[in-house]
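Spelled out from the first residue to the last, the chains are:
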Amino acid sequence: MHRRQFLQAGSAVAAALATGTLAACGSDDEATGDTAAPEPDDTTAETTAETTADTEATEETAPETAEAAPAVGGTVRVGLLPSPADVLDPANTAGWMEYSALFSILDSLALLKGDEFEFQLAESIEPNEDATEYTIVLREGPMFHDGTPVTSADVIYSLNMYALSPNFGQFFALIDFANVSAPDDRTVIVPMVSPRADLVESVFGQLSMVVPDGFTDWGNNIGSGPFILEQFEQGVGVTVVRNPDYWAGAPSIERIEFIGIAEGSTRARALESGEVDFAGSLDAAAAATLESADGVTVFRGGEVNSTIRCFAFNRSQAPFDDPTVVEACKLACDRQQLIDVIAFGNAIIGNDMPSSGFEGYPADVPQRERDVARATELFAAAGVTEFTILAADFVPGVVASAELYAQQLAECGVTATVDVGDPLTYFNDFGQILSTPCQAFYFINRPPETLLASYTGSSAAFNVFGSFDPEYDAALNAALATPDTTSRKEQLSDLMATTVRDEEGWLIWAFEDQIDARVDGLEGVDLTQSVPVFGTATLA
């Protein structure tokens, strides 16, 4: 995905799909804004909350909402945030609508299912003993929509396409492309520039959608996915139809109309009025309204599909080059108040470490509590009386969170001015993002391998925190090169509990639910990196 996406992701598939952020979900003032492809048979369904109950359940266990059995056929209208300037190019697209459509049209080598990675087009992806080379073996059977088989040549072309992308190239820089080879039509040998044991977690599981060798006709895409592209109108909508010959089993739904709707409140109203059947990326206020609506179910993605809500302090920019100022900013934050006001209580409190809910997250680290007196003392000692917070509603409530945090800072003697940016263009100048002293930010929650490699360390593509520490770089690289999963997770956990929490410039105040809603009778909508996918959906 795109850097915007990655930042969504996880901020989040240039950070979400390769840890990218998608063009963000939207609020009333949103406009743009974490990415993997759908697995027709294996992706986990979002946890659901019936409108008449507070308890959550997976799609598989959700209470019945209709007596009629699912039938083959029908049209589902999906309201999602578009990216008006984007075509259906998986290496450069940023819109939520565009990526959800792409996940219907294209298949990936691997994808994130809940908190685990699973294979899709790949039968296996195996490293050698020292993680200097990987062997990809493709499944037998997958065919593109034009009737040609998916081969190793298609995989190599697709990987090179991502490597040349200005948005994702850095994520693929660990691959030695000059020596990538295909011994046969189903096998790809992928040598590494240096040992990396996290290729599936940090790259293929985030972004590995496969297109035909040489393909460039974006907008007339040919894939191997459960749906076939029928029509694409840039920034407006995408229509796909059922692929009756899909290798993993033909989908139930006949047609999906993806409709670009920029504002979250408008998407919610469209669902309530019957204009759409699915509304994605809603804020807590819209969800609260829909929970009392007849014939509508609100569902939440759960912790591993959550959005990381945070403030990013760039350690290379004054006054945040002083670690005591960053400490003061973290101590000044009333995280629970932010959760109660901005997320309507629908979030897990953050502790300045990413990847909550994933293996390797150090949940036993004591919660950082607000300490106004200590924050006031540290700000005064550093001579900090004011600074600016850049914010834009690329996800719901970003500006409101910055404004509330500014009020909290005022209690500590600091005047914080909120500079409101345009969410449509916020991620167009990534150089500005990387050099902004303080900004309200978000990421799609991802495993620690993905987020730490993408956002921390001197070589990170999205180092919005401006931290450059050779000792940390060495420790992170050593962890990522460790083939043993348990040992790798332990090393990453130690880094998060110490350096990341106490020295990096992110103030993670919450892991907020990804909230979507659908009409009753639409079941089986899955989430892959917080993006809705419809390969196994049914319409009663």
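In case you missed it, the structure is sitting above this.
First things first, this report covers the structure right here in the doc. The structure presented is a predicted model; accordingly, all values stated were derived computationally and were not measured. (Residues numbered from 1 in each chain as written. Predicted model: local features only at pLDDT ≥ 70, side-chain atom pairs only at ≥ 80, totals over all residues. Heavy atoms only, no water.)

**Details of helix α5 (residues 264-272)**
Those residues of α5 that sit buried are Gly 264, Ser 265, Arg 267, Ala 268, Ala 270 and Leu 271. On its buried face, α5 sits against β3 (75-80), β13 (278-279), α6 (284-290), β14 (296-300) and β21 (515-519). (Buried < 20%, exposed > 50% of the residue type's maximum accessible area, 1.4 Å probe, protein only. Helix = DSSP H or I, 4+ residues; strand = E, 2+ residues; numbered from the N terminus. Contact = heavy atoms within 4.5 Å.)

**Points about the pairing of strand β17 (residues 386-391)**
Inspection of the sheet shows β17 paired to strand β18 (residues 415-420) by six bridges, in the parallel sense. Note that in β18 the partner of Phe 387 across the bridge is Ala 416. At this point the chain moves from β17, through helix α10 (residues 398-410), to the parallel β18, and the crossover so formed is right-handed. (Pairing = 2+ DSSP bridges. Right-handed = clockwise from strand over helix to strand, strands pointing away.)

**Points about the pattern of salt bridges**
Using the criterion set out here, one finds 18 salt bridges in the structure. As a salt-bridge pair, Glu 230 and Arg 255 come within 2.3 Å of each other at their nearest N and O atoms. Within this pair, whereas Glu 230 is found in strand β10 (residues 227-233), its partner Arg 255 is found in strand β12 (residues 255-260), the two being separated by 25 residues in sequence. Taking the shortest distance from any N to any O, the salt bridge between Glu 523 and Arg 518 comes out at 3.3 Å. There is no split in this pair, since Glu 523 and Arg 518 are both buried. (Salt bridge = Lys/Arg side-chain N within 4 Å of Asp/Glu carboxyl O.)

**Thoughts on the side chain of Thr 151**
Take Thr 151: it is sitting in the loop between β7 (133-138) and α3 (152-163). According to the relative accessible area criterion, Thr 151 is buried, its value standing at 15%. For Thr 151, the residues in contact, after removing those within four places along its chain, are Leu 138 and Asp 185.

**Structural notes on unusual backbone geometry**
For the peptide bond that leads from Ala 318 to Pro 319, omega is 0 degrees, which places it in the cis range. In this structure, Pro 319 sits in the loop between β15 (307-313) and α7 (323-332). Phi at Ala 131 takes a positive value of approximately 55 degrees, unusual for a residue other than glycine. Looking at the secondary structure, you find Ala 131 in the loop between β6 (122-127) and β7. Phi angles above zero are rare outside glycine, and Ser 355 is one such case at about 70 degrees. Here Ser 355 is to be found in the loop between β16 (347-349) and α9 (372-382).

**Structural notes on the sheet that holds β6**
Spatially, β6-β7-β9-β8 is the arrangement adopted by the four strands of the open sheet, whose pairing is antiparallel. Two strands in the sheet have a free side with no partner beyond their single neighbour: β6 and β8 (181-184). Taken over all neighbouring pairs, the strand axes of this sheet differ in orientation by 20 degrees on average, direction set aside. Note: β8 against strand β9 (residues 187-191), two bridges, orientation antiparallel. Its bridge partner lying in β9, Ser 181 is registered against Ile 189. (Axes fitted to C-alpha atoms, helices over the stretch in contact; angles between N-to-C directions.)

**Observations regarding the environment of Cys 329**
Its location among the elements puts Cys 329 in helix α7. Considering only alpha carbons, one finds Cys 329 and Thr 376, 47 residues apart in sequence, at a separation of 9.6 Å. If we ignore the near neighbours within four places in the chain, the residues touching Cys 329 are Phe 313, Phe 320, Phe 379, Phe 387, Tyr 405 and Leu 507.

**Some remarks on the packing of helix α12 (residues 448-455) against helix α14 (residues 485-503)**
In the contact formed by α12 and α14, the axes pass within 10 Å of each other and the chain directions differ by 50 degrees. Between α12 and α14, the crossing angle belongs to the class labelled oblique. Crossing hand, α12 versus α14: left-handed. Along its contact with α12, which presents Pro 448, Glu 449 and Leu 452, the element α14 presents Arg 488, Lys 489, Leu 492, Met 496 and Val 500. (Parallel < 35°, antiparallel > 145°, perpendicular 65-115°, else oblique. Left-handed = near helix turned anticlockwise from the far one by under 90°.)

**Quick notes on helix α2 (residues 96-105)**
The element α2 is largely enclosed, with a buried count of ten among its ten residues. Residues of α2 that are buried: Trp 96, Met 97, Glu 98, Tyr 99, Ser 100, Ala 101, Leu 102, Phe 103, Ser 104 and Ile 105.

**Some words on empty space enclosed by the protein**
Considering only enclosed or pocket space, the largest cavity measures out at about 120 Å³ in volume. Lining the largest cavity are 13 residues, with Leu 282, Thr 307, Pro 396, Glu 512 and Asp 513 sitting closest to its centre. Of the residues that constitute the lining of the largest cavity, the class distribution is six nonpolar, three polar and four charged. (1 Å grid on protein atoms, 1.4 Å probe; cavity = no way out; pocket = protein on both sides within 12 Å on 5 of 7 lines; lining within 4 Å. Points joined across faces, edges and corners; volume = space filled by probe spheres on them. Nonpolar A, V, L, I, M, F, W, Y, C, P; charged D, E, K, R; others polar.)

**Focus on the packing of helix α8 (residues 335-342) against α10**
Interhelical geometry of α8 versus α10 gives an angle of 145 degrees and a closest axis separation of 10 Å. Two packed elements cross with a definite hand, and for α8 against α10 that hand is right-handed. Of the residues in α10, those in contact with Gln 337, Leu 338, Val 341 and Ile 342 of α8 are Ala 400, Ser 401, Leu 404, Tyr 405 and Gln 408. The residue inventory of the contact of α8 with α10, partitioned by class, reads six nonpolar, three polar and no charged.

**What about the packing of aromatic side chains?**
Evaluated as defined, the whole model comprises 22 aromatic pairs. Ring geometry for Phe 443 against Tyr 455: centres 4.2 Å apart, planes inclined by 75 degrees, an arrangement best described as edge-to-face. Of the two residues, Phe 443 sits in strand β19 (residues 438-444) while Tyr 455 sits in helix α12, which places them twelve residues apart along the sequence. For the pair Phe 443 and Tyr 455, one class covers both residues: buried. (Phe/Tyr/Trp six-rings, centres within 6.5 Å; stacked < 30°, edge-to-face > 60°.)

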